[in-house]
Amino acid sequence: MKDIFLKINEAILGANNILIATHEKPDGDACGSALALALYLQTLGKNFQIFSNNKAPDFLYFLPLIDQMTTDVDVFNKRWDLVICVDASSTSFAHLPDDFAVRSTIINFDHHATNASYGQLAVVDVGASSTAEVVFNFFKAISYPIDRKLASCLLTGILTDTGGFSHPNTTIKTMAIASELMKKGSKIHQIFNHVVHNKSLGGLRLWGMVLSRIQTNQKLDLAYTYVTADDLINYQVPEEEIDGLVNFLNVISDYSVVMLFKIDRGFTKASIRTKRDDIDVSRLALAFGGGGHQKAAGFSLPWRLEEVNGKLVVKD
Ligand SMILES: [Mn+2]
């Protein structure tokens, strides 16, 4: 992998104007990886911008340069020598316009198995816990000295994508990299406070409400519940406050599969989790046109569900 990393670095050194793009609704890994690379470009004195179709969640605003992330599609009208995509399994997931994607030189850093290695220079490492881990390997390959700020960006990506080192993607390598990032001065407990211990009072009350609605299906060995767009309005919390709720449901020990329905006006999104090695929830998601991993998957339905007499029914 070292050769391709060196080629990527040559491309970066030879470019003046560089666009970093990441996926819609950017998470800790998307932002952490993008901002780590942005810090590098800033040190090199490059002209750069960072694009995502949606604003980063508030709890990530402790990260350096995050206020420079833009959702303005005007970036696609500018001339870029190079586009670096991070954590985006396709150019459309990064919202690059088709014609723009075709005429641009693209570097692709990712760890998703569904990434078809698009772009002229692609590093898709499905064995990596996170794109942050891939970007770390890039900096190691080019012998770039990682400082505390950059380490915090990468550790945020690793911490969020591994669910605080608890998901099965956490490897010996992941732990070694996290340890090295801590040696650079990054404080893991502070990052954890930002990305996990960040619920508001309204958010906790909403979680309580959603937990009180849990229903079960013995035959399917399933526990499920739902949250609606109106709930978010009533409790005055942004959508990011329900991040982690489906993983919290998964702490249940007397059911094998858990599901959280997010019900919006005209559609419903379902997230599925299991802790068991012998159940593949991505197959259930696939049956409804969704996808994901063996233990974490999801799908969308073009209907609104509503609770009637204790049962979730299709409304429209
Ligand atoms: Mn990721």
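We now turn to the structure provided with this report. Being a predicted model, the structure only gives us computed values, none of them experimental.

### Re the coordination of the manganese ion
And then number 1: Those protein atoms acting as donors to the manganese ion are Asp-29 (OD), Asp-87 (OD), His-111 (NE2) and Asp-161 (OD), and they sit at 2.2 to 2.4 Å.
And then number 2: Mapped onto the sequence, the residues coordinating the manganese ion show the spacing D-x57-D-x23-H-x49-D. Pair noted here: Asp-29 is in helix H2 (residues 28-44) and His-111 is in the loop between strand E5 (106-110) and strand E6 (121-124), with a separation of 82 residues, a long-range link.

### Observations concerning the nonpolar core
And then number 1: Among the nonpolar cores identified, the biggest contains 53 residues, and Ile-12, Phe-109, Phe-138, Phe-139 and Leu-154 are the most heavily contacted of them.
And then number 2: Looking at which element gives the most residues to this core, the answer is H2, with 9 residues.
And then number 3: Aside from chain neighbours lying at most four places away, what touches Leu-154 is Ala-36, Ala-132, Val-135, Phe-136, Phe-139, Ile-146 and Leu-181.

### Some points on the pattern of salt bridges
Oppositely charged side chains can form a pair if their charged atoms are brought close together.
And then number 1: Taken as a whole, this structure holds 10 salt bridges when the rule is applied.
And then number 2: Residues Arg-276 and Asp-221 are paired through a salt bridge, measuring 4.0 Å at the closest nitrogen-oxygen approach. Placement of Arg-276 in the loop between strand E10 (268-274) and helix H11 (281-287) and of Asp-221 in the loop between strand E7 (215-217) and strand E8 (222-228) is noted, with a sequence separation of 55 residues between them.
And then number 3: Residue Asp-221 is classed as partly exposed on the basis of its relative accessible area, which comes to 25%.
And then number 4: Several salt bridges converge on common partners, so that one network encompasses Asp-221, Arg-276 and Asp-278.

Cut-off values and rules
- Residues numbered from 1 in each chain as written.
- Predicted model: local features only at pLDDT ≥ 70, side-chain atom pairs only at ≥ 80, totals over all residues.
- Heavy atoms only, no water.
- Donors = N, O, S within 2.8 Å, 3.2 Å for Na, K, Ca; no water.
- Helix = DSSP H or I, 4+ residues; strand = E, 2+ residues; numbered from the N terminus.
- Core = buried A, V, L, I, M, F, W, Y, C linked by side-chain atoms within 4.5 Å.
- Buried < 20%, exposed > 50% of the residue type's maximum accessible area, 1.4 Å probe, protein only.
- Contact = heavy atoms within 4.5 Å.
- Salt bridge = Lys/Arg side-chain N within 4 Å of Asp/Glu carboxyl O.

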